[in-house]
Number of protein chains: 2
Amino acid sequence: MKEISLGLLGLGTVGCGVVKIVENHQDKLKHQVGCSVKVKKALVKDLHKDRLVNIDEKLLTLHAEEVLEDPEIDVVIEVMGGVEEARHYILRALKNRKHVVTANKDLMAVYGSELLAAASENNCDLFYEASVAGGIPILRSLVDGLASDRITKMMGIVNGTTNFILTKMNNEGSSYEEVLHQAQALGFAEADPTSDVEGIDAARKMAILATLGFSMNIELKDVQVKGISSVSEEDLEYSKKLGYTMKLIGIAHREKEKVEVSVAPTLLPHAHPLASVQNEYNAVYVYGEAVGETMFYGPGAGSLPTATAVVSDLVGVMKNMRLGVNGKSMVSPQFQKTLKEKEEVQAKHFLRVHVKDEVGVLSHITNLFSNKGVSFEKILQLPLKEDALAEVVVVTHHASLQRYEDLLEELAGMPMVKEIKSSYRVEGEVAV
Amino acid sequence: MKEISLGLLGLGTVGCGVVKIVENHQDKLKHQVGCSVKVKKALVKDLHKDRLVNIDEKLLTLHAEEVLEDPEIDVVIEVMGGVEEARHYILRALKNRKHVVTANKDLMAVYGSELLAAASENNCDLFYEASVAGGIPILRSLVDGLASDRITKMMGIVNGTTNFILTKMNNEGSSYEEVLHQAQALGFAEADPTSDVEGIDAARKMAILATLGFSMNIELKDVQVKGISSVSEEDLEYSKKLGYTMKLIGIAHREKEKVEVSVAPTLLPHAHPLASVQNEYNAVYVYGEAVGETMFYGPGAGSLPTATAVVSDLVGVMKNMRLGVNGKSMVSPQFQKTLKEKEEVQAKHFLRVHVKDEVGVLSHITNLFSNKGVSFEKILQLPLKEDALAEVVVVTHHASLQRYEDLLEELAGMPMVKEIKSSYRVEGEVAV
């Protein structure tokens, strides 16, 4: 087979990582796919910028069409990020019968089904392993490795920035703001951290995972999202005392063909395997009916892990080219999506409330719980220094989200309740 | 595409699991591969035995040729176990242009390269994901997911029986014999547990992993093996006190194109991710130059996890049939194998020795260590009740295996040394 030519859209850290791996692993790639591979063109914004790799300036261009319209380019690698422009370029590449590998979760979470359909129409491959948990081959495992199982639940730590922040807050007792600044200084969080800390990045990944794992077209808007920006040191302290570790957890759960997909700060028992995933690492737990529990653990981001995933996809594309079977590996979602109603989402909750420190307050609150049909596993009342207030901390038994939200609303309106300080989901049991 | 017909060799728990999954997941399989699948014949030893699935007796046969020679059977699933007969049947199936899926690690560890070559010659697929860590799609991840990385080290708990035994010994302080009996009663260990407890089963899996991960033809005889049958309660006690957990660890390590593959009881720091893998679970840690650390965790055996892996392979075969590309996915090993010499294997060791409780003994021993160029990280001497003996426990710094073995030999010959009680490899550092 002739040499395979690549066109890159973007040449930041991931793009440079791809160039480096393709150069350094020529022998291995040639052995695996039977021909050599070279980068023919890379779209950049600045021709003369210093880069992490030595690359001939003649290979750089400011014009996307030199990548998208060059008939010699076989595979386009999109590592520029952003949504609208990337979508436009990828559609054009596919129309020109170029295979595409992308690391762009923002794009795949929003336009995944459109792009995959376009790829299929044009008999092209569109691979995106790098878009979820860069260093973990989780998409491939869901599609191939667990192909014959029925996946009922996925739980994951799929955002490195928030896991880094929560790990530090937990270990050092520091505040969210302090640790966020540290993370920004270390390059683990962006200047505008909104998409990470508000859970949007994690929600995108959960949409992609749920789509593949459940074979349903789950979109970003289907994911219930809550971020970590309001998590306080007190919350972490109470979690610890009660035997839990707080993590930003994505959950995708299927019961009787109805699904729930959410991202939220969640209390896990210390012994839960996801509780010990530290710093910027990611991990995805998968429950299959036949296989039981499996877990995939690895670096969630970083330029080299992400570039590795991109090149692994590239190897997949090239193997398909050799066999002449591109564009046939995609299986469109099998099932209609039905999202669970709030009545159908069962969960345990941690709740922290400030109340007036008066006789009978606790019994008013416990009465409300029992009227609403929400029972509790644990309840603590502690006096607070200021203003004759007390703090009440509750861990509930399983209750429907509808009931729990009704309860929260009524609680907030009670005259003896000063403020609902926080409320988090709880997964799993702590041994008493 | 026409219906795909399967022939089973063996119908034990895994075989029955395959039948069940194929029946229950007809819709999913049809959606994924575009045609239905049915079991046409199953080779058994007893036609009238009670089985875990309802299967029409007409589908059973005592004669292998009814599976191997039936031109209508497309895929043969070997779940009978054993080596010579299985090899013979698989070769015959491949010769008759039947694709083969096997869960047989014993076979693949010994005859893997012969069988894969036969498959390739006949344009047939031969898939064997189920042979290593049944519930974890690790082979697929090594071949595809980490395709573009250079894997330098794999460490794994790849035998569920021994991990179950060590977990119980460690948690309950029970003896090896006690726990082995428990494990046999629970069905976690076989009546003749030799292959598990002596590390041979784990060695077979490490040979398969190393062959794929390093792209070298690593055979069972290349693996250094030590089992757990001589591990004592005292060893586990000392390990714990020193900050380590003992696990039966398979290591495959590549440095400068030379490799070491071994299986041995090994001391890991409590914080090491493999140290917390409990009971019958398996986990494989993979270190890639680009991706860094990743870990795959799941059930190592069990009929349903193994059957799931078999059916996932079957889906792979059927997809290839649809695309007409069977027999082309195998990549033969790229590199010549060079095993490390004992001088080149660097490791730390735990050593427990009984010595005469006399003045100057410890200095004799420390002199020997320093003469042999083996330095130590920790040394403890404790008096023993019996016979004026003392116990010396040492954790060494890294030293070559050659040096360490020389030291052991000389130590055993010293007049003040009564007995070398135990010696284990140590991986990783314990924070002081």
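Refer to the preceding data block for the structure.
From a predicted model like this one, the values you see are computed outputs, not experimental measurements.

J.: So what's going on with the relation of the copies chain B and chain A? Residues and values would help.
T.: Placing chain B over chain A gives an RMSD of 0.0 Å and needs a rotation angle of 180°, together with 0.0 Å of translation along the axis. The relationship between the two copies is best expressed as a two-fold rotation axis. Judged by C-alpha distance, F296 of chain B is the residue of chain B that lies nearest the rotation axis, at 2.4 Å. Here 100% of the contact residues of chain B are again contact residues in chain A; the copies associate through an equivalent surface.

J.: Help me get a handle on the interface of chain B and chain A, residues and values and all.
T.: At the junction of the two partners, chain B supplies 45 residues and chain A supplies 45 residues. Of the roughly 4,000 Å² buried at the junction of chain B and chain A (both faces included), carbon and sulfur atoms supply 57%. For the interface between chain B and chain A, the tally reads 0 salt bridges. Seen at the junction of chain B and chain A, the total is 6 residue pairs in polar contact (both at pLDDT 80 or more).

J.: How would you sum up a negative patch on the surface? Please name residues and give values.
T.: Taken together, E177, E178, E233, E234 and E237 of chain A make up a surface patch of like negative charges. It is helix α11 (residues 233-241) of chain A that contributes the most residues to the negative patch, 3 residues altogether.

J.: Now, about the packing of helix α13 (residues 361-372) of chain B against helix α14 (residues 401-413) of chain B: what can you tell me, with residues and values included?
T.: Packed helix pairs are characterised by how far apart their axes lie and by the angle those axes make with each other. Residue and element names in this part refer to chain B. It is at 10 Å that the axes of α13 and α14 come closest, and there the two elements cross at 145°. Relative to α14, α13 is oriented so that their crossing is right-handed. Residues I365, L368, F369 and K372 of α13 touch α14, and the partners they reach there are R403, D406, L407, E410 and L411. Classifying every residue of the contact of α13 with α14 by side-chain character gives 5 nonpolar, no polar and 4 charged.

J.: An account of the pairing of strand β11 (residues 281-288) of chain A is requested, with residue identities and associated values reported.
T.: Residue and element names in this part refer to chain A. Buried residues dominate β11, accounting for 7 of its 8 residues. As paired strands, strand β7 (residues 151-157) and β11 are joined by 6 bridges and run antiparallel to one another. Across the sheet, M154 pairs through a bridge with V286, a residue of β11. Between β11 and the antiparallel strand that follows it, strand β12 (residues 292-299), lie 3 residues.

Definitions and cut-offs
- Residue positions are counted from 1 within each chain, in the order its sequence is given.
- Chains and ligands are labelled by the order in which they are written, letters from A for the one and numbers from 1 for the other.
- Owing to the predicted nature of the model, reporting of local features is limited to residues with pLDDT of at least 70; listing and counting of side-chain atom pairs is limited to 80 or more, with chain, interface and lining totals taken over all residues.
- Neither water nor hydrogens contribute to the side-chain values; these are computed over all heavy atoms in the structure.
- Copy-to-copy superposition: least squares on the C-alpha atoms, limited to residues that have pLDDT of at least 70 in both copies.
- Two residues qualify as a contact provided that any one of their heavy atoms is within 4.5 Å of a heavy atom in the partner residue.
- Buried area is understood as the total, over both parts, of accessible area removed when two parts are fitted together, assessed with a 1.4 Å probe.
- Any carboxyl oxygen of Asp or Glu within 4 Å of a side-chain nitrogen of Lys or Arg constitutes a salt bridge here.
- Under the rule applied, a polar contact is a pair of N or O atoms within 3.5 Å (in protein, one hydrogen donor and one hydrogen acceptor; residues adjacent in sequence only if both atoms are side-chain atoms).
- Patch rule: a residue counts if its relative accessible area is over 30% and it has no salt bridge; like charges are joined within 9 Å, and nonpolar side chains (Val, Leu, Ile, Met, Phe, Trp, Tyr) within 5 Å.
- Here the open area of atoms and residues is found with the Shrake-Rupley method and a 1.4 Å probe, where only the protein chains shown may cover a residue.
- Charged-residue counts in this description rest on Lys and Arg as positive and Asp and Glu as negative, His and the chain ends being excluded.
- In plain terms, the charge of a residue is placed at NZ if it is Lys, CZ if Arg, CG if Asp and CD if Glu.
- A run of H or I in DSSP becomes a helix once it reaches four residues, and a run of E becomes a strand once it reaches two; helices and strands are each numbered from the N terminus.
- Angular values range over 0 to 180 degrees, each being the angle between N-to-C directions of two axes fitted as lines to C-alpha atoms, with helices fitted over their stretch in contact.
- For any pair of crossing helices, the crossing counts as left-handed if the nearer helix is rotated counterclockwise from the farther one by less than a right angle, and right-handed if it is rotated clockwise.
- Under the grouping applied here, Gly and all other residues not named as nonpolar or charged are polar, the nonpolar ones being Ala, Val, Leu, Ile, Met, Phe, Trp, Tyr, Cys and Pro and the charged ones Asp, Glu, Lys and Arg.
- For every residue, the accessible area (1.4 Å probe, protein chains only) is compared with the maximum for its type, and the residue is labelled buried under 20%, exposed over 50%, or partly exposed between those bounds.
- Should DSSP find at least two bridges between two strands, the strands are taken to pair.

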